[in-house]
Amino acid sequence: LRPMLSLLALGLQAPVAGYDARRGIKIVQELASRSVGGPLPSSGTADLKKSILALLEPFGDPALRVPDTEFRLIDEQCRLLEARNPARGADALEALQGCWKVRYSNAPPPSNGALGPVRGAAFQRVDVPSRTYTNELSLLGAALFVQLTATFEPRGPLALRVAFQTITFSILGLRLPPVAFPPGTERTWLLTYTDEDTRLVRAGVDGGRSTARDLGLLSREEGEAADSYLFVLTRATPSESSRAPAGLPSPLAPLARAAERRRLKAQLLEACGGQSLGAEAGAEDLRRVRDLSDRLAALTPTADPASSPLLCGTWDIVWTTESELLALTKRGLLGLPCTAAYQAIARTREGGAGPWAYSLDNAIEFDGGFLRVGSTCEPAASGGRVNFVFQSCAARWRALELPLPPVGSGWFDVLYVDEELRVCRDSRGDLQVCARRK
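The present account deals with the structure reproduced in this document. Each chain has its residues counted from 1, following the order in which its sequence is written. Local features are withheld for residues below a pLDDT of 70 in this predicted model, meaning they are given only at 70 or higher, and side-chain atom pairs are given and counted only at 80 or more; totals for whole chains, interfaces and linings count all residues. Excluded from the side-chain calculations are hydrogens and water; all other atoms, namely the structure's heavy atoms, are used.

**Looking at the nonpolar core**
A general tendency of soluble globular proteins is for nonpolar side chains to be buried together. In this text, buried Ala, Val, Leu, Ile, Met, Phe, Trp, Tyr and Cys residues form a nonpolar core when linked through side-chain atoms within 4.5 Å. Under the scheme applied here, a residue whose accessible area is under 20% of the maximum for its type counts as buried, over 50% as exposed, and between as partly exposed, the area being computed with a 1.4 Å probe on protein chains only. Among the nonpolar cores identified, the biggest contains 28 residues, and Tyr133, Leu160 and Trp189 are the most heavily contacted of them. The numbering of helices and of strands both runs from the N terminus, where a helix is a DSSP run of H or I of at least 4 residues and a strand a run of E of at least 2. When residues of this core are traced back to their parent elements, those giving at least two are strand S1 (98-105), strand S4 (121-127), strand S5 (132-139), strand S6 (144-154), strand S7 (159-171), strand S10 (186-194), strand S11 (198-204) and strand S12 (229-235). With 5 residues, the single largest contributor to this core is S6. Contacts of Leu160, omitting those with residues within four sequence positions, involve Leu93, Leu96, Phe152, Glu153, Pro154, Arg155, Arg187, Thr188, Trp189 and Leu191. Ranked by size, the runner-up nonpolar core spans 23 residues in total, among them Ala306, Leu333, Tyr358 and Phe366. Contacts were defined at the residue level, with two residues in contact if any of their heavy atoms lie within 4.5 Å.

Shown next as structure tokens:
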């Protein structure tokens, strides 16, 4: 394995702006020495991961102010786990995808999950296809939120060169303008262990520019080596990744959640754009839209969305995975191109009293025709489930209009709804993103 990694190191000698390729060779040599180290320890991988988290537990989450004696024990267990690293090459990069919770780092604040003496909730969201990630730190019940954006590029089989781009502060839900980092503000990551739920990263400035050092907050030599700092991360659960300030009585939490909803909605609509309602979506587009939809669903502002008045209205379909709709979107109706697709949900009461009666109309518009399906629907009193039964169907092609037999029934779950956006998943698992027609 060592000769193979040495050969790979030769590939790092290609010139890269702002980066000393000789450091890349040292990085690969360091990883090679770990990969071909002594025999694997007798303790299992799961036991090592539990041991690391148990050693960190007395110092909070994320762990802060860990004494040197305890750090040496943590570092020892981490090195044993690193010897079992299951991720190699392209697999190591793909395994980074998703949201990770920072459990510990001996790097300076805010990378360690704190701002000065104040502990926060720190997450890292990695988007491998776009080669970007964000570090997010929420403090004081989300009254203060810090977001750092960065790009990264592989530097050998188990190393990345990252470049900081911007840092943005939000105070009481008010997002301040982002501040750009000076050119050359870069770091090296050594991907020493990555599996489905745990990451260990060794990192350092490694020839890059450091704002903290420029300001005199750190010595010129601190953090220079590529493996100066240790990061321990675990994969975030959906509730954790939503950054909801659960358990904190702060009255500012709703403001932070509202700001996060606005941000996610904008990202979701941007991700849905330019794909012909999803007909031209690739695998990475599907993954990104689903990820953003799940994160937004965790922040839904509407209790019992199925029975909420917000469900009613005319909704333009902006993205879906429903195969029948996508086929018509892409191919049209006998030569007539698709121009729009929407749903109209309404409710009425006889005499203004009694239970609501709901209707659901689905329509696909073509240039010179349409396909429309009418249904009755029954939202559940609690939760997001809406059951429906087809009642009518009609198609028009130019001047020819034909009734079609309405066959079928089903249901969909409202994952998110507000005054502007609705996200649903149906009985077949298809996802649909709709924007309220103004």
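**Looking at helix H4 (residues 68-82)**
By definition here, a helix of n residues has an expected span of 1.5 Å times n minus one. In this model, H4 (15 residues) spans 20 Å end to end at C-alpha, consistent with the 21 Å of a helix rising 1.5 Å per residue. Within H4, the full set of buried residues consists of Ile74, Asp75, Gln77, Cys78, Leu81 and Glu82. Seen along its axis, H4 keeps its buried residues to an arc of 165°; they face one direction. The directions from the helix axis to the C-beta atoms are what the arc is built from.

**Some thoughts on empty space enclosed by the protein**
Here the term cavity refers to a set of points on a 1 Å grid, laid over the protein atoms alone, in which a 1.4 Å probe fits but cannot get out; the term pocket refers to an open set having protein on both sides within 12 Å along at least five of seven lines, with lining residues being those that place an atom within 4 Å of a point. Grid points are joined across faces, edges and corners, and a volume is the space filled by probe spheres set on the points. Applying the stated criterion to the full structure yields 2 cavities of 30 Å³ or more. In this structure, the second largest cavity spans a volume of roughly 40 Å³. For the lining of the second largest cavity, the secondary structure elements donating two or more residues are helix H3 (45-56), S11 and S12. Any residue outside Ala, Val, Leu, Ile, Met, Phe, Trp, Tyr, Cys, Pro, Asp, Glu, Lys and Arg is labelled polar, Gly included; the first ten of those are nonpolar and the last four are charged. Here the residues of the lining of the second largest cavity sort into 5 nonpolar, 2 polar and 1 charged.

**Re the packing of aromatic side chains**
Remark: the centre distance and the inter-plane angle together describe each pair of aromatic rings, the angle taken between the planes. Working definition: a ring pair exists when centres of Phe, Tyr or Trp rings (six-membered ring for Trp) sit within 6.5 Å. Plane angles under 30 degrees give stacked, over 60 give edge-to-face, the rest tilted. The tally for this structure, following the rule as stated, stands at 5 aromatic pairs. Look at Tyr133 and Trp189: their rings are 4.7 Å apart centre to centre, the planes differ by 45°, and that puts the pair in the tilted class. With Tyr133 in strand S5 and Trp189 in strand S10, this residue pair connects regions lying 56 residues apart in the sequence. Judged by relative accessible area, Tyr133 falls into the buried class, the value being 2%. A residue is classified by how much of its surface remains accessible, and Trp189, at 7% relative accessible area, is buried. On the numbers, 5.5 Å between centres and 40° between planes, the contact of Phe388 with Phe390 is tilted. Overall, Phe390 belongs to the partly exposed group, its relative accessible area being 26%. Through successive ring pairs, a cluster of aromatic residues spans Phe388, Phe390 and Phe412. The positively charged end of Arg199 is found above the aromatic ring belonging to Trp100, 5.2 Å away from the centroid. In this analysis the charged atom, NZ for Lys or CZ for Arg, is taken to sit over a ring once it is within 6 Å of the ring centre and within 35 degrees of the ring normal. Lying across the ring of Trp356, Arg347 places its NZ or CZ 3.9 Å from the centre.

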